[in-house]
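Architecture and fold: a report
Residue-level listing of the chains:
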Amino acid sequence: MRRAAVTGKRLTELPHCNKQNNSSTMATAQICVLFVALSLTLSKDVKLKHKPATKPVRLFTEEELKRYDGSEEAQPIYMAVKGVVFDVTKGKEFYGKDAPYNALVGKDSTRAVAKMSLDLADLTSDTTGLTEEQLKSLDSVFEGTYKAKYPIVGYTASRILNKDGTPNEDFKPEDQPHFRIKDEF
């Protein structure tokens, strides 16, 4: 057998060469490979859940948003919640023409989402008078449904502008979901 030059021990007697250490080294290597494979798989899942806008984010007036109400087959379907405009076209069976939630599209339906209502009076961005429970529901649906499933394509003017048309000083684009660069506005 070969002997180690420095210590005079056989290679099989060195700690890193014995069978017991080889099996634990092999187990460690297998765990590392498994961890890397799992990390890559999970990172792909996370990437799939993030739905960035394919076009630059833009500002929508109420009139512009009305054009995306699902009435025209060739047009995308847009809906705003909390002033954030989502492309809900992939949910056409829910939001398209004659679909159950079609009343919510083509406008900011924040109040209706908070109240889980399809009443005409609730199809507005106004949140005045909502209960704490309704506001929590709104946040939950906004984060868990709309932001998780649909790409953001813009913001409503009411989110960025005051009622008199002056800029809303409290609006900070960089604090908004999926904001990347200031030139998006």
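Counting of residues starts from 1 at the beginning of each chain's written sequence and follows it residue by residue. At least 70 in pLDDT is required for a residue's local features to be given in this predicted model, at least 80 for side-chain atom pairs to be given and counted, and no such filter applies to totals for whole chains, interfaces and linings, which use all residues. Neither water nor hydrogens contribute to the side-chain values; these are computed over all heavy atoms in the structure.

This next bit is on the overall build of the chain. By definition, any uninterrupted DSSP run of H or I lasting at least four residues is a helix, any uninterrupted run of E lasting at least two residues is a strand, and each is numbered from the N terminus. Counting its regular elements, the chain contains six helices and four strands. Element order for the chain, N to C, with α for helix and β for strand: α-β-α-β-β-α-α-α-β-α. For the exposure calls, accessible area comes from a 1.4 Å probe over protein chains only, and a residue counts as buried if that area is under 20% of its type's maximum, exposed if over 50%, partly exposed in between. Burial status across the chain gives 30% buried among its 185 residues. Considering only residue pairs separated by 6 or more positions, the chain has 56% of its internal contacts joining residues 24 or more positions apart. To measure how exposed things are, a 1.4 Å probe is used in the Shrake-Rupley method; for residues, cover is taken only from the protein chains shown. For the chain, the accessible area works out to roughly 12,600 Å², and carbon and sulfur atoms hold 56% of it. Residues are treated as being in contact if the distance between any of their heavy atoms lies within 4.5 Å.

What follows deals with the nonpolar core. The biggest cluster of nonpolar side chains holds 22 residues, and the ones touching the most others in it are Met79, Val81, Phe86, Val88, Tyr95, Val113 and Tyr146. Secondary-structure elements contributing two or more residues to this core are strand S2 (78-81), strand S3 (84-87), helix H4 (110-115), helix H5 (132-149) and strand S4 (152-156). Of the residues forming this core, the biggest block, four residues, is contributed by H5. In this view, Val88 contacts Ile77, Met79, Tyr95, Val105, Tyr146 and Tyr150; residues no more than four positions away in its chain are not counted. For this analysis, a nonpolar core means a set of buried residues of the types Ala, Val, Leu, Ile, Met, Phe, Trp, Tyr and Cys, connected via side-chain atoms within 4.5 Å. With seven residues, the next largest nonpolar core counts Phe60, Tyr78, Ala80 and Val85 among its residues.

Within the chain, Lys82 stands out as a residue other than glycine whose phi angle is a positive 60 degrees. Note that Lys82 resides in the loop between S2 and S3. Despite not being glycine, Asp98 has its phi angle at roughly 65 degrees, a positive value. On the secondary structure map, Asp98 appears in the loop between helix H3 (92-95) and H4. Its relative accessible area of 74% is what places Asp98 among the exposed residues.

What follows deals with H5. Helix span, expected: 1.5 Å multiplied by one less than the number of residues in the helix. Taking 1.5 Å per residue, 18 residues should reach 26 Å; H5 reaches 25 Å between its end C-alpha atoms and fits that length. If you look at H5, its biggest bend is around 35 degrees, right at Phe142. Against S2, S3, H3 and H4 lie the buried residues of H5. Think of it this way: the bend at a residue is just the angle between two axes, each fitted to seven residues, one set ending at that residue and the other starting at it.

Mapped onto the fold, Asp122 is located in the loop between H4 and H5. The exposure class of Asp122 is buried, given its relative accessible area of 6%. Excluding residues within four positions of it along the chain, Asp122 makes contact with Arg111, Ala112, Lys115 and Ser117.

This paragraph deals with the confidence of the model for the chain. Low pLDDT means the predicted atomic positions in that stretch should not be read closely. For every residue, the predictor reports its confidence as pLDDT, a number between 0 and 100. Per-chain confidence: the chain averages 76 in pLDDT, with 59% of residues scoring 70 or above. Contacts of residues 1-5 to residues separated by more than four positions or lying in other chains number nine contacts, the stretch itself having pLDDT below 50. A low-confidence stretch, residues 178-185 (pLDDT under 50), is modelled with 21 contacts involving residues beyond four sequence positions or located in other chains.

It is worth spelling out the packing of aromatic side chains at this point. Side-chain rings of Phe, Tyr and Trp (the six-membered ring for Trp) are treated as a pair once their centres are within 6.5 Å; stacked means planes under 30 degrees apart, edge-to-face means over 60, and tilted covers the remaining angles. Across all of its chains, the model carries eight aromatic pairs by this definition. Geometrically, the ring pair formed by Phe86 and Phe142 is edge-to-face, given 5.8 Å between the ring centres and 70 degrees between the ring planes. Separated by 56 residues along the polypeptide, Phe86 in strand S3 and Phe142 in helix H5 bring together distant segments of the chain. With respect to class, Phe86 is no different from Phe142; both count as buried.

Once that is clear, we can look at the environment of Thr61. By the element assignment, Thr61 lies in the loop between strand S1 (58-60) and helix H2 (62-66). Residue classification places Thr61 among the partly exposed positions, given a relative accessible area of 37%.

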